[in-house]
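Listed here are the chains, written in short residue letters.
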Amino acid sequence: MSISHAPPGSPRTDISVISKDERAVPALEPIVPASTRRTRVPRWLRRTSGPVLLLLLWQLLSSTGVLTSDVLASPGRIAQVARDLVADGSLPNAMGVSLQRVAVGLLFGAVIGTGLALVSGLFRAGEDLVDASVQMLRTVPFVGLIPLFIIWFGIGEAPKIAIITLGVSFPLYLNVYAGIRGVDSQLIEAGESLGLSRWGLVRHVVLPGALPGAMTGLRYSLGIAWLALVFAEQINADAGIGFLMVQARDFLRTDVIVVCLIVYAFLGLLADFVVRSLERLLLQWRPTFTGR
């Protein structure tokens, strides 16, 4: 700071000059959106707290005798049975057979459901020919078709694959069809004004717009695939997770049944994780709300 003095005889004037370096500069703080602020508790810990508390409650009820072993085995007993099944190879072999059935049924169902959705969604004539029939068939419980599948395909692998295929086809059809018909018509007009052909519109506008619906349909289809597998493996199965459950039911082994159910749950969770990863990879262009 510097002070200048006026000559003698003139009114005194004090002029304070603040140098550039001495100017008060307010501290700037970056603005962080509320949705990206991190909490003190890690998210993985919050997500696992619910299952852990449920497991502790289960163990407590089993230890106090509220849940007897003939009603529901304790978590410790189930863990021991799971180790025994893994050690003798029964559980890995059953998982391999079940995964193969789900993979084949999912492949056939995805081809059929997506193909019908493309025909029905892209062409009005295809909608008139396909949509009404599919809407009628999807209201029929696929479990109720098991006797017909046994008559048609026998008691081998074919009826099991057919049940899974049927259960997978309808969610994919509905979501892909809705995704195609949900594309903004203004995007179609913009593509036409840019000179895109019909195939160009389908490739660059319609299919990318329907991709989020297809991913949603795939997640639903995977869940139904595991549900259909449970029923499919009741058809004279000699291998698979369902076969282990049937044997455990005959011998009143609730511990083996719970182990098989846990395996079903983890396989379904793994499949959902794969689809979520695929969504993040294919839908990077679409910003979404991640919760607060």
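Residues numbered from 1 in each chain as written. Predicted model: local features only at pLDDT ≥ 70, side-chain atom pairs only at ≥ 80, totals over all residues. Heavy atoms only, no water.

In this model helix α6 (residues 157-181) runs 36 Å from its N-terminal to its C-terminal C-alpha over 25 residues, within 8% of the 36 Å that 1.5 Å per residue would give. For α6, the buried fraction is high: 18 of the 25 residues fall into the buried class. (Helix = DSSP H or I, 4+ residues; strand = E, 2+ residues; numbered from the N terminus. Expected span 1.5 Å × (residues − 1). Buried < 20%, exposed > 50% of the residue type's maximum accessible area, 1.4 Å probe, protein only.)

Two numbers describe how helix α4 (residues 124-138) lies on α6: the axes approach to 11 Å, and their chain directions differ by 140°. As the angle between them shows, α4 and α6 are arranged oblique. In this structure, α4 crosses over α6, and the sense of that crossing is left-handed. For the pair α4 and α6, contact is made by E127, V130, D131, V134, Q135, L137 and R138 and by F170, Y173, L174, Y177 and R181, respectively. (Axes fitted to C-alpha atoms, helices over the stretch in contact; angles between N-to-C directions. Parallel < 35°, antiparallel > 145°, perpendicular 65-115°, else oblique. Left-handed = near helix turned anticlockwise from the far one by under 90°. Contact = heavy atoms within 4.5 Å.)

To continue, consider the environment of N236. Within the secondary structure layout, N236 lies in the loop between α8 (198-232) and α9 (241-250). Taking the relative accessible area as the measure of exposure, N236 reaches 52% and is therefore exposed. Taking the C-alpha atoms as reference points, N236 and I155, 81 residues apart in sequence, are found 6.4 Å from one another. Setting aside chain neighbours within four positions, we find N236 in contact with I155 and K160.

This part covers the nonpolar core. Ranked by internal contacts, the top residues of the largest apolar core, which has 40 residues, are I163, W226, I241 and V259. Elements with a contribution of two residues or more to this core: α2 (75-87), α3 (90-122), α5 (146-153), α6, α8, α9 and α10 (254-282). It is α10 that contributes the most residues to this core, 9 residues altogether. Those residues in contact with I241 that lie beyond four places of it in its chain are A94, M95, S98, E233, C260, V263, Y264 and L267. Judged by nonpolar contacts, the second largest core, of 11 residues, contains F170, Y177, A210 and A214. (Core = buried A, V, L, I, M, F, W, Y, C linked by side-chain atoms within 4.5 Å.)

Our focus in this paragraph is the side chain of D131. Within the secondary structure, D131 is located in helix α4. For the buried D131, no salt bridge exists, and the shortest N-O distance to an oppositely charged side chain is 7.5 Å, to R138. With near-sequence residues (within four places) excluded, D131 lies in contact with S120, G126, Y173 and Y177. (Lys, Arg positive; Asp, Glu negative; His and termini not counted. Salt bridge = Lys/Arg side-chain N within 4 Å of Asp/Glu carboxyl O.)

Here α3 contains 33 residues, and its C-alpha end-to-end distance of 47 Å stays within 8% of the 48 Å for a straight helix at 1.5 Å per residue. Packed against the buried residues of α3 are α2, α4, α6, α8, α9 and α10.

You can see S69 is positioned in the loop between α1 (43-63) and α2. Relative accessible area serves as the criterion here: at 59%, S69 is assigned to the exposed category. In the structure, S69 is positioned 186 residues away from D255 in sequence and 8.4 Å away in space, judged by C-alpha atoms.

Right, let's get into the pattern of salt bridges. Side-chain pairs of opposite charge can arise where the charged atoms are in close proximity. The full count for this structure, using the stated rule, is 8 salt bridges. Ionic pairing is found between R101 and E233, a salt bridge with its closest N-O pair at 2.9 Å. Of this pair, R101 sits in helix α3 while E233 sits in the loop between α8 and α9, placing them 132 residues apart in sequence. Comparing R101 with E233 shows no difference in burial state: the two are buried. Among the salt bridges present, the one from R253 reaches D255, with a minimum N-O distance of 3.1 Å. Assessed through its relative accessible area of 33%, R253 is described here as partly exposed.

Moving on, we get to the packing of aromatic side chains. Here the structure, examined in full by the defined rule, presents 4 aromatic pairs. For the ring pair F149 and W152, a centre distance of 6.0 Å and an interplane angle of 55° mean the geometry is tilted. Of the two residues, F149 and W152 both sit in helix α5, 3 residues apart, roughly one turn of that helix. Among the residues examined, F149 registers a relative accessible area of 7% and is labelled buried. For the ring pair Y173 and Y177, a centre distance of 5.9 Å and an interplane angle of 10° mean the geometry is stacked. (Phe/Tyr/Trp six-rings, centres within 6.5 Å; stacked < 30°, edge-to-face > 60°.)

Now for the confidence of the model for the chain. On average, the chain scores 78 in pLDDT, and the residues at 70 or more come to 84%. At the low end of the mean pLDDT range in the chain sits strand β2 (residues 15-17), at 47; at the high end sits α3, at 88. Note on residues 12-18: pLDDT under 50 across the span, and 13 contacts to partners over four residues away in sequence or across chains. (pLDDT = per-residue confidence, 0-100.)

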